[in-house]
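This is what each chain is made of:
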Amino acid sequence: MNRSEQREAVFKMIFSQDYLEGEALKDVYERLLQEQEIEETEYIRSAFFGVIENKSELDSMVERFAKGWKLPRLSKVSLCIMRLSIYEMKSMSDVPFAVSINEAVEMAKKYDDDKAPKFVNGILNNAASGLGLK
């Protein structure tokens, strides 16, 4: 699996996890790997647990960089994509911020509506600036 495929797998796992709350996180992780027939990698493990364990902080950042948009107004798909990208920008120094943003936009094109890619791109560029990456 290349990094793009791993990123997409993590996005799907994060999205699915939102609907499986109440179960032990480790059990959810193992179950999602098995159900989606994903081979575990260090990136998948660290990105999945990093996003889930920092969800509140990441959601606050999305809301701050979305400038006037509240989380309930955002699509769940776009929100999960942005959580992952912001986590990468903040915590994964081996992932260039521009790559993270580009990959997020591509996932938004694939999994969300026609307006989502531009919206996701704008918020993530605000995030990159706010994090001092641009």
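That block above? That's the structure.
Now for a look at the structure at hand. Bear in mind that the values here come from a model prediction, so they are computed numbers and not experimental data. (Residues numbered from 1 in each chain as written. Predicted model: local features only at pLDDT ≥ 70, side-chain atom pairs only at ≥ 80, totals over all residues. Heavy atoms only, no water.)

## Looking at the overall build of the protein chain
Counting its secondary structure elements, the protein chain contains seven helices and zero strands. Sequence-ordered secondary structure for the protein chain, helices as α and strands as β, is α-α-α-α-α-α-α. Against the globule reference of 14 Å for 134 residues, the protein chain gives a C-alpha radius of gyration of 14 Å, in line with a compact fold. If one aligns the C-alpha atoms of the protein chain with their principal axes, the spans along those axes are about 35 × 30 × 25 Å. Within the protein chain, the proportion of its 134 residues that are buried is 48%. Taking as baseline every contact in the protein chain between residues at least 6 positions apart, the subset at least 24 positions apart corresponds to 65%. (Helix = DSSP H or I, 4+ residues; strand = E, 2+ residues; numbered from the N terminus. Rg over C-alpha atoms; globule rule 2.2 N^0.38 Å. Buried < 20%, exposed > 50% of the residue type's maximum accessible area, 1.4 Å probe, protein only. Contact = heavy atoms within 4.5 Å.)

## Notes on the packing of aromatic side chains
Evaluation of the coordinates by the stated rule reveals seven aromatic pairs. Ring geometry for Phe11 against Phe15: centres 6.3 Å apart, planes inclined by 40 degrees, an arrangement best described as tilted. With a gap of four residues between them, Phe11 and Phe15 both fall in helix α1 (residues 3–17), about one helical turn apart. By relative accessible area, which is 3% here, Phe11 ends up buried. (Phe/Tyr/Trp six-rings, centres within 6.5 Å; stacked < 30°, edge-to-face > 60°.)

## Concerning the side chain of Glu88
Assignment of secondary structure puts Glu88 in helix α5 (residues 76–91). Residue Glu88 is classed as buried on the basis of its relative accessible area of 1%. Only 2.5 Å separates the side chain of Glu88 from the side chain of Ser100, close enough to count as a polar contact. Beyond its immediate sequence surroundings of up to four residues, Glu88 is in contact with Arg7, Tyr43, Val95 and Ser100. (Polar contact = N/O pair within 3.5 Å; in protein donor to acceptor, adjacent residues only side chain to side chain.)

## Let's talk about α1
Taking 1.5 Å of rise per residue, 15 residues should cover 21 Å, and α1 covers 21 Å from first to last C-alpha, within 8% of that figure. The set of residues buried in α1 consists of Gln6, Arg7, Glu8, Ala9, Val10, Phe11, Met13, Ile14 and Gln17. Of the surrounding secondary structure, the elements contacted by the buried residues of α1 are α2 (25–35), α3 (42–53), α4 (55–65), α5 and α6 (97–111). The N-capping residue of α1, defined by a side-chain oxygen 3.0 Å from the backbone nitrogen of Ser4, is Asn2. (Expected span 1.5 Å × (residues − 1).)

## Overview of the environment of Glu103
Checked against the element boundaries, Glu103 lands in helix α6. Taking the C-alpha atoms as reference, Glu103 lies 20 Å from Gly132; in sequence the two are 29 residues apart. Setting aside residues no more than four positions away along its own chain, Glu103 makes contact with Ser4 and Arg7.

## Considerations on unusual backbone geometry
Positive phi outside glycine occurs at Glu37, with the angle close to 55 degrees. In the Ramachandran plot, Lys67 falls in the positive-phi region, its phi being about 45 degrees despite a non-glycine side chain.

## What about the pattern of salt bridges?
In total, this model carries 12 salt bridges according to the counting rule given. Put simply, Arg3 and Asp94 hold a salt bridge, and the shortest N to O gap is 3.5 Å. Here Asp94 lies in the loop between α5 and α6 and Arg3 lies in helix α1, a separation of 91 residues in the sequence. In this structure, Glu57 engages Lys90 in a salt bridge whose closest nitrogen and oxygen atoms are separated by 2.5 Å. Of this pair, Glu57 sits in helix α4 while Lys90 sits in helix α5, and the two are 33 residues apart along the sequence. (Salt bridge = Lys/Arg side-chain N within 4 Å of Asp/Glu carboxyl O.)

Remember, this is a structural readout, not a statement about activity or role.
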